[in-house]
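Structure at a glance
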Amino acid sequence: MARRPAPIGQPPRTGAAHIVDLVRETIPPLHPAGLPFVGGPLAVAVLGRRSKWVRNAGLVAAGACATFFRHPSRVPPNRPGVVVAPADGLVTLVDTAVPPAELALGSEPVPRVSIFLSVLDVHVQRVPVAGKVVEVVHRRGQFKSADLAEASEVNERNSMHIRTASGQDVAVVQIAGLIARRIINNAEVGDTLSIGDTYGLIRFGSRVDTYFPAGTTLLVERGQRAVGAETVLAELSQ
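Every value quoted in this text rests on a predicted model; they were computed, and no experiment measured them.

UniProt records the feature "active site" (unreviewed entry) for S206 in the present numbering. As for its placement among the helices and strands, S206 is situated in strand β11 (residues 206-211). Dropping the residues within four chain positions of it, S206 is found in contact with I115, F116, L117, H123, A146, I175 and G177.

The subject of this paragraph is the sheet that holds strand β2 (residues 89-97). Within the open sheet, the 8 strands sit side by side as β9-β5-β6-β7-β11-β3-β2-β13. Their pairing is antiparallel. Every other strand in the sheet has two partners, leaving β9 (192-193) and β13 (225-226) as the edge strands with one partner each. Judged from the 2 bridges that link them, strand β5 (residues 131-139) and β9 form a sheet pairing that is antiparallel. Along β9, the bridge assignment pairs G131 with L193.

It is worth spelling out unusual backbone geometry at this point. A positive phi angle, close to 55 degrees, is found at A104, a residue other than glycine. Structurally, A104 can be placed in the loop between β2 and β3 (110-117). Even without being a glycine, A229 presents a positive backbone phi close to 75 degrees. The residue A229 is located in the loop between β13 and β14 (232-235) in this model. Look at A229 and you get buried, because its relative accessible area is 0%.

Quick look at the layout of surface pockets now. Of the pockets and cavities examined, the second largest pocket occupies roughly 220 Å³. Lining the second largest pocket are 16 residues, with P80, G81, V82, V129 and L236 sitting closest to its centre. A breakdown of the residues in the lining of the second largest pocket according to their chemical character gives 8 nonpolar, 7 polar and 1 charged.

Calculation notes
- Residues numbered from 1 in each chain as written.
- Predicted model: local features only at pLDDT ≥ 70, side-chain atom pairs only at ≥ 80, totals over all residues.
- Heavy atoms only, no water.
- UniProt positions renumbered as here; feature names shortened; annotations may be inferred.
- Helix = DSSP H or I, 4+ residues; strand = E, 2+ residues; numbered from the N terminus.
- Contact = heavy atoms within 4.5 Å.
- Pairing = 2+ DSSP bridges.
- Buried < 20%, exposed > 50% of the residue type's maximum accessible area, 1.4 Å probe, protein only.
- 1 Å grid on protein atoms, 1.4 Å probe; cavity = no way out; pocket = protein on both sides within 12 Å on 5 of 7 lines; lining within 4 Å.
- Points joined across faces, edges and corners; volume = space filled by probe spheres on them.
- Nonpolar A, V, L, I, M, F, W, Y, C, P; charged D, E, K, R; others polar.

Encoded structure:
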């Protein structure tokens, strides 16, 4: 099995320790929000262990929830002026649209990229661009399928306005979907965020829209798969 080079002066790990390292690198950790969803089915499996069906159902449910709440590490690009994908998923819209009214970013359409997350995608959200949080607003709404264009307007959402060090405004909007009933955003007004950091999560099945300043160069196409914190969506004008 391939190994990473050991630092100078440190002997390489072997045997069981090496196996443990490989498992840690291969299996993503669990987001804390998923602990109750994994722990509950595991408890059912333990309590019902005498019944094969109950035990197996509990284990399958725990495994499915652990997969949904996986939180893989990501390495964002260090190129200045780029905006990365805030989520894993399918790019469904590359267009222009008016940002959410609650963020007070004007009434003129600006470049937008929408990413749809199926239940099989990683569901944590990443900070698309480094900057300071100007506003975070939650708005109640409907729970239509997140892949519909109208979902941006009518579905329940959590909108966040980030201002970069150069004064450019980027908005990222978590949108609930047909099954999703819970949006988590751990960022607060005044926080200084780093590109690629995890800031929230939506469960289960959802959409994330990113709005860019006028003049931004979009670098993705509709139908492309995005990897949160790593796929470059756009390059801000200098």
